[in-house]
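Residue-level structure breakdown
Spelled out, the chains give:
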Amino acid sequence: MTPKISFRNVRKTFDIAGQTAFTALEGMNLDIDDGEFITVVGPSGCGKSTAMNIAAGLTAPSSGQVLVDDAVVTGPGPERGVIFQQYALFPWLTVRQNVEFGLKIAGHKRDERRRIADHFIALVGLTDFANSLPKTLSGGMKQRCAIARAYAVNPKILLMDEPFGALDALTRVQLQDQLLTMWSKERRTVMFITHDVDEAVYLASRVVVMAARPGRLYKIVNVDLPYPRTEDMRLSSEFSELRNEVWRAVYHPAAAA
Amino acid sequence: MAVMESENTSGKARGIPLPTGPLAMLVINIVAVVFGISMWALVTSYGVVGLPTPLAVARQAVIQAQTGLLWSDALASLGRVFTGFALGILIAIPVGFLMGWYKVARAIIEPYVQFFRTIPPLAIIPLAIVTMGIDETPKIFVIFLASFLSSVVATYQGVISVDRTMINAARVLGANDFTIFRRVIVPASLPYIMVGVRIGLGSSWSTVVAAELIAAQSGLGFRMQQAQLYYDLATIFVSLISIGILGLIMDRIVMAIDSVLTAWQEKL
Ligand SMILES: Nc1ncnc2c1ncn2[C@@H]1O[C@H](COP(=O)(O)OP(=O)(O)OP(=O)(O)O)[C@@H](O)[C@H]1O
Ligand SMILES: [Mg+2]
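Nothing here was measured: the structure is a model prediction, and the numbers come from that model.

1. Things to note about the side chain of A:Lys142
Topologically, A:Lys142 is positioned in helix 4 (residues 139-152). In this structure A:Lys142 comes out as buried when scored by relative accessible area, which is 14%. Ignoring any residue separated from it by four or fewer positions in sequence, one finds A:Lys142 in contact with A:Tyr87, A:Leu89, A:Pro134, A:Leu137 and B:Glu266.

2. Considering the packing of helix 2 (residues 54-67) of chain B against helix 3 (residues 69-101) of chain B
Residues and elements named next belong to chain B. It is the contact of helix 2 with helix 3, at a shortest axis distance of 4 Å, that shows an interaxial angle of 80 degrees. With respect to each other, helix 2 and helix 3 are oriented roughly perpendicular. Two secondary-structure elements touch here, helix 2 through Ala61, Gln64, Ala65 and Thr67 and helix 3 through Leu69, Leu70 and Trp71. Classifying every residue of the contact of helix 2 with helix 3 gives five nonpolar, two polar and no charged.

3. Notes on the interface of chain B and chain A
Each partner contributes residues to the interface: chain B has 19 residues there, and chain A has 23 residues. Between chain B and chain A lies a buried interface of about 1,900 Å² when both sides are counted; carbon and sulfur atoms form 73% of it. Counting the surface chain B buries against chain A, the share from its top three residues, B:Val172, B:Leu173 and B:Trp264, is 38%. On inspection of chain B and its partner chain A, the count reaches one salt bridge. The salt bridge involving B:Glu266 is made with A:Lys142; its shortest N-O contact spans 3.5 Å. Along the contact surface separating chain B from chain A lie two residue pairs in polar contact (both at pLDDT 80 or more). Listed by contribution, the elements that provide at least two residues to the side of chain B that touches chain A are helix 7 (164-172) and helix 8 (177-214) of chain B.

4. Focus: the packing of aromatic side chains
Applying the stated criterion across every chain, the model contains 16 aromatic pairs over all chains. A ring pair is formed by A:Phe120 and A:Tyr151, whose centres lie 6.1 Å apart and whose planes are at 55 degrees; its orientation type is tilted. Here A:Tyr151 lies in helix 4 and A:Phe120 lies in helix 3 (residues 110-123), a separation of 31 residues in the sequence. Both rings, one in B:Phe144 and one in B:Phe148, keep their centres 5.7 Å apart while their planes meet at 25 degrees; by these two values the pair is stacked.

5. Quick look at the side chain of A:Arg80
Within the secondary structure, A:Arg80 sits in strand 6 (residues 80-83). By relative accessible area, A:Arg80 is classed as buried at 6%. At 3.1 Å, the side chain of A:Arg80 forms a polar contact with the backbone oxygen of A:Ala56. Among the polar contacts listed, one links the side chain of A:Arg80 to the side chain of A:Glu79, at a separation of 2.8 Å. Filtering out sequence-adjacent residues up to four positions away, A:Arg80 remains in contact with A:Ala55, A:Ala56, A:Gly57, A:Val68, A:Val73, A:Gly75, A:Pro155, A:Ile157, A:Leu159 and B:Val172.

Parameters at a glance
Residues numbered from 1 in each chain as written. Chains lettered and ligands numbered in written order. Predicted model: local features only at pLDDT ≥ 70, side-chain atom pairs only at ≥ 80, totals over all residues. Heavy atoms only, no water. Helix = DSSP H or I, 4+ residues; strand = E, 2+ residues; numbered from the N terminus. Buried < 20%, exposed > 50% of the residue type's maximum accessible area, 1.4 Å probe, protein only. Contact = heavy atoms within 4.5 Å. Axes fitted to C-alpha atoms, helices over the stretch in contact; angles between N-to-C directions. Parallel < 35°, antiparallel > 145°, perpendicular 65-115°, else oblique. Nonpolar A, V, L, I, M, F, W, Y, C, P; charged D, E, K, R; others polar. Buried area = accessible area lost by both parts, 1.4 Å probe. Salt bridge = Lys/Arg side-chain N within 4 Å of Asp/Glu carboxyl O. Polar contact = N/O pair within 3.5 Å; in protein donor to acceptor, adjacent residues only side chain to side chain. Phe/Tyr/Trp six-rings, centres within 6.5 Å; stacked < 30°, edge-to-face > 60°.

See the structure below:
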């Protein structure tokens, strides 16, 4: 099986005010299978967002390439949905109009747009707020709206950059379960960035651990827990072992540096 | 104060319950204005200063209204403002977008904008009269310049401060440059544009009055200038008050339009 997403020796350097180039990402190699749920953890500044933006086609790599379905990524595409940490909803549009944004560009007719949008709005539990403006939503509701907006255009791949980072613990857990439920129904390929080791293990079939200075892939931890994941699993000994393994991998290189 | 206590129904106030509701504020506004006019009446009726009484000014206003002079003056001034202002905004918005969107356009236009911004619009009048004659054109041109310069900068600021992530969000949903411009850049910079429109209208209004003082055959500024020759203080007051009221009304209209257009904004 060819991988859905393939990072081939991806390297990214930034020139900072004429100084020597700063290496944000060093020779990253990673294959993500079709329908796989991958999480990426690592210390701040290790290039997680950089890697994701390159896969999204929002940033060009300095060398190497990302392949999606064997085609080199040269720009954004509707088959890759992106959910940003800062929600990035359009504040002048209602929840429904936000969700319809991509559908309109894709050329869906009015009625169809509405039907699809309402389906995903219901899926994330925002039906009562379909006509509300983002400013009236809570952080968790904004995030759910962003998820519905990304889902609506039916991307085969979801790239999520710390989507639950700003949420309280309870909302976070609820959205994790909601995300897993949706994922198990539709089996999209997910690349999910997080700071939270617990979250990384709970969601993923594989956790990609990155290290900083230079940003690079440090280790891949396989999570051999069956889906569907349940809240009970979080308390199991396998889960805490995996969590410890990821934890050590995240902090080991930092301690060595 | 005791009269207004009943307005304070929020029940949130701690300590001394000061009325803060919109109606209470309006009442305070009116009281303040009535107080100011009373002071004016008091001071002038004792001849403390050589100014006309409110009554004399009101009488003069009624006379001017009946002869139609007040209306024709106001219309002349308003007509100039709207022509110049509309032209200024109409050209400023696309130019501002151009400057924000294309770096090259910015590099070409910015020096001119920054330079002319430091010159008070009125200082252009001598030049405008010499080159454009003494009819309406130089006045409208100066007003155009005043509103153009303030709006172009605001629009440009709006475009360059559009959140990068918002543009990226549109791109990953499949938007091309044109769609991003129309559906993201334009609405996102609207609050900035409206600030520019408001400032532009304000500076247009002050510019028109001043321009009429210098060179005009009609308008509120012209009337004042005439009255000055005859020491006709009542007429000067009528003109001044009309200028203030009209300016206030225009500002409130822009504010009302703004609050409708940018109701989506997250106000701090
Ligand atoms: N546009 C840029 N210009 C210069 N340096 C950049 C730029 N974008 C990122 N970097 C640098 O690249 C490194 C990696 O950034 P990146 O945003 O990918 O980190 P991250 O792993 O997502 O961190 P965090 O967890 O804090 O979000 C950082 O050190 C950052 O300073
Ligand atoms: Mg990041």
